[in-house]
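Listed here are the chains, written in short residue letters.
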Amino acid sequence: MANVGLHTLRKEERLCSRKALEELFSGSHQSVSAFPLRAVYMANEVGLTRIMVSVSKRYFKRAVKRNRIKRQIREAYRLQKDLLQPLNGGLDIAFLWTSNEELPTEKVFQKVQTILQRIHENVESVV
RNA sequence: GCAGUGAACCGGCUUGUCGCUGCUUGGAUAUGCCCCCUCGAAGGGCAUUUCCAGGGAGAGGAAAGUCCGGGCAACACAGGGCAUCUCGCUUCCUAACAGGAAGAGGUCCGAAAGGGUCAGUAAGUGCAGAAGAAAAGAACCGCCUCAUUCGUGAGGUAAGGGUGAGAAGGCGAGGCAAGAGCUCACCAGGUCGGCAGUGAUGUCGAUGCUGUGCACUCCGAGAGUUGAAAGUUCAUGUAAACCGGCGAACACAAAGAGAGGGCGGCCCGCUCGAGCUGGAGGGUAGAACGAUAGAGGGCAGUGGUGACACUGUUCGUAGAUAAAUGGCAAGCAACCCUUUCGAGGGUGACAGAACCCGGCUUACAGGUUCGCUGACUUU
RNA sequence: GGUGCGGUAGUUCAGAUGGUUAGGUUAGAAUACUAGCCUGUCACGCUAGGGGUCGCGAGUUCGAGCCUCGUCCGCACCG
C-alpha cells in the first residue's frame, strides 16, 4: 500500500461506503467512549484505517454547529492518528458525538487522544 | 444635530502554518495500444493507474422555510358535458406567479412623512344561534282614529323605547288624526345619461332606487400527473422465472362477445385489447451522464412616471455525493465598557450549496448611502 | 433533496364541513388522580369532584378547536 503521509486525511481514509457502514454497525464491533465522544470500531480487510464522523441532528438542529464539531473531530484525528501507527492491519472507526454542547478545540483534541490510546491498548491486548 | 419614516446596499480584511475537494501545468512510475524496426531494447505518440512538485478556484443574503411560479425530465394526451381546485379594485411588467410597478376607493393607526388592512357579481337562491315584538312581505310597549258593556276590541302608524354585529340609509324642515322618501334641502351609496381618463374612478345632471353577514350560484381567467431519490446509460443478477383466480384467442367466415386498460375525477362518446390480478420470492445498495453559460452579473446609452424592455460593451463566477469549502495562531479596521488618555478588557449576529432560476416569507450583531416629515422638546 | 400526515385533560383518543353573550353548570369519552359510600380491611363496584393557553402568533368574522397566513415541534414515505 502506498505510504500515506502522517498528517493527511484523504478520501481513502474515510468510510464512505454504505455497505461498510452496515457491516460496522451490525457486525461484531467494539466501542470505546470518552464523553461526549464515542467510538465504534472493527478490523477490516483493506489494510488501511478508515474513519467516519457522525453528529446527530438530535443534538444539534443547525447544520453549522454539526459541521463545526465534525471538523474539530476530523482535525484532531488527523493530527494524532500516528497513535495507531504501530498496529498492522486496518481498522474502521466511527466517531459519534453524544452531547448537545459544543466543546473548545483543545478539549476535543484530548478526547480523541484518549480514545485512540484506548483503542490501541484494546487491540494490542487482543493480539 | 435629534426623533421618526421609506428605499437601496454591505454582511469583515490581511498574514503564517497544517489540511480537504475539483480543475490545470510539468515530471516520475506502471499497464495497454500505435509508430519506428527483420525482431527486441532504446526512442516517440495516445489513454489510464499511482506518486511528487507548482499554479489557480472553492457557501449565502437569506444557501433556510418549501409558501407560490417557471425551466428541465419521464409518463399521459381525438372531442364534448358535468364536477373539483386556484386567482379576483384598475392598467401595466414578466417565461410565469398568489410576485412586482404605477394608480383608484373604503377603513384603521399616526402630529406628519408614511404604514396596515379590505374587495369581482345591488341578477338570483338559501341560512342567520342567543337576545329581541320582529332577522325581511316586521306592530311588544308606545302614538293616533273609531267603537266600547270602560275590561277591552277593530284599524292606522316605523317618530320614540329596549335587544343585537345587523332593525328598513342618516339628519332637519314641511306635511299628517298620528306617522312614513309621503314631499323638499343637505349628506352616504346605487342606477341611468353627459363630460374627463386606456381603466379602476372622478365630476355634473336626472332618478326615492337603498338593512347586515355568510354560503351557494353566476361572471372572467387559469390548472394533465409526478419531481433530479425525476430520468438515461453501463456493470451485477437464471428473473418475461414459480403458484392461485379471472379471461379472449387457438376452434371456417361474418356478426357478436371479450378480462382488463386509456382519454386528469365522473358521464357520453371514442379507442387499445391478450393479457390482467393476488400470493410468495430473487438481484443490485456501484459507476457515469443529468449537473452547472443561465429568463447570468457589472457598466454605458435609448425608451418608459415606474416595474421593465432594447442596444452596445465587459466579466468568468462552487460542483461535493455518509457529502469538500476547514483547524490553530497573530494583526488590522468596526462597536461597547473602563481610563491615570499611555492603554487595558470584551463583543462579533442569523446561518452551510445538493439540478437551476424568478419571487414571497421568516431569522439576523453591526454598519453605509439617499429621499421625506417635524406635533411636543432642543440648538 | 423531495413528498405527505399530525399536534385537544397526567395518558390514549373522539369532536371538527364555523354557533351561543349573560344567568346556577358545561369542549366530550375511556383510563389515571382526589374524596365519599360499600367492606372487618383491600380490591371490584357505585357516587361526586378537580384537572384544558385545543402547539404558538396574527388575520377573516358579530363569533375560530374548526377557515386563511406565518411559525415551532413530531412522524411516515421515495431509489
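None of these values were measured; they are calculated from a predicted model.

Asker: Honestly, the environment of F25 in this entry has me stumped. Any pointers?
Answerer: Inspection of the secondary structure puts F25 in helix α1 (residues 18-26). Owing to a relative accessible area of 38%, F25 belongs among the partly exposed residues under this scheme. Look past the residues within four positions of F25 in its chain and what remains in contact with it is V40, A94 and L96.

Asker: So what exactly am I meant to see when it comes to the side chain of Q72 here?
Answerer: The topology assignment puts Q72 in helix α2 (residues 63-80). A polar contact of 3.3 Å, which involves the side chain of Q72, links it to the backbone oxygen of L103. Every residue in contact with Q72, bar those within four places of it in the chain, is listed here: L103, P104, T105 and V108.

Asker: Would you mind going over the pattern of salt bridges with me for this structure?
Answerer: It is possible for side chains of opposite charge to pair when their charged atoms get near one another. Counted by the stated rule, this structure contains three salt bridges. Across the salt bridge formed by R50 and D92, the nearest N and O atoms sit 3.1 Å from each other. Here D92 lies in strand β4 (residues 90-97) and R50 lies in strand β3 (residues 50-55), a separation of 42 residues in the sequence. As far as the burial class goes, R50 and D92 line up, both buried. Between R68 and E102 there is a salt bridge, with its nearest N and O atoms 3.8 Å apart. Within this pair, whereas R68 is found in helix α2, its partner E102 is found in the loop between β4 and α3 (105-126), the two being separated by 34 residues in sequence.

Asker: I would appreciate a short explanation of the nonpolar core in the present structure.
Answerer: Soluble globular proteins: nonpolar side chains tend toward being buried together. I73, I93, F95, W97, I115 and I119 are the most contacted members of the largest nonpolar core, which totals 25 residues. If you list the elements that add at least two residues to this core, you get β1 (30-34), β2 (37-44), β3, α2, β4 and α3. Non-local contacts of I115, meaning those with residues more than four positions away in its chain, are made with V32, A34, L37, R38, A39 and F95. Core analysis: the second largest hydrophobic core is formed by six residues, L24, V40, M52 and A94 among them.

Asker: Sorry, what's going on with the pairing of β4 here?
Answerer: The side chains of a regular strand alternate between both faces of the sheet. Among the eight residues that make up β4, eight are buried, leaving the element largely enclosed by the rest of the structure. Judged by which residues are buried, β4 turns out to be covered on both faces: G90, D92, A94 and L96 on one side and L91, I93, F95 and W97 on the other are all buried. Of the pairings in the sheet, the one linking β2 to β4 comprises eight bridges and is antiparallel in character. Looking at β4, one finds that A43 is bridged to L91. The pairing of β3 with β4 spans six bridges and is classified as parallel. Along β4, the bridge assignment pairs S54 with L96.

Asker: Before we go on, may I ask you to explain the side chain of R50 in this structure?
Answerer: Judged by relative accessible area, which is 16%, R50 ranks as buried. Within the structure, R50 has its side chain in polar contact with the side chain of D92 (distance 3.1 Å).

Asker: Explanation requested: the sheet that holds β1 in the structure shown.
Answerer: Paired through backbone hydrogen bonds, the strands of a sheet run either parallel or antiparallel to each other. Reading across from one edge, β1-β2-β4-β3 is the order of the four strands in this open sheet, with mixed pairing throughout. Two strands bound the open sheet, and with one partner strand each, they are β1 and β3. Between one strand and the next, the sheet's axes are offset by a mean angle of 20°, whatever the strand orientation. Strands β2, β3 and β4 of the sheet are contacted by α2, whose axis makes an angle of about 155° with β3.

Definitions and cut-offs
- Residues numbered from 1 in each chain as written.
- Chains lettered and ligands numbered in written order.
- Predicted model: local features only at pLDDT ≥ 70, side-chain atom pairs only at ≥ 80, totals over all residues.
- Heavy atoms only, no water.
- Helix = DSSP H or I, 4+ residues; strand = E, 2+ residues; numbered from the N terminus.
- Buried < 20%, exposed > 50% of the residue type's maximum accessible area, 1.4 Å probe, protein only.
- Contact = heavy atoms within 4.5 Å.
- Polar contact = N/O pair within 3.5 Å; in protein donor to acceptor, adjacent residues only side chain to side chain.
- Salt bridge = Lys/Arg side-chain N within 4 Å of Asp/Glu carboxyl O.
- Core = buried A, V, L, I, M, F, W, Y, C linked by side-chain atoms within 4.5 Å.
- Pairing = 2+ DSSP bridges.
- Axes fitted to C-alpha atoms, helices over the stretch in contact; angles between N-to-C directions.

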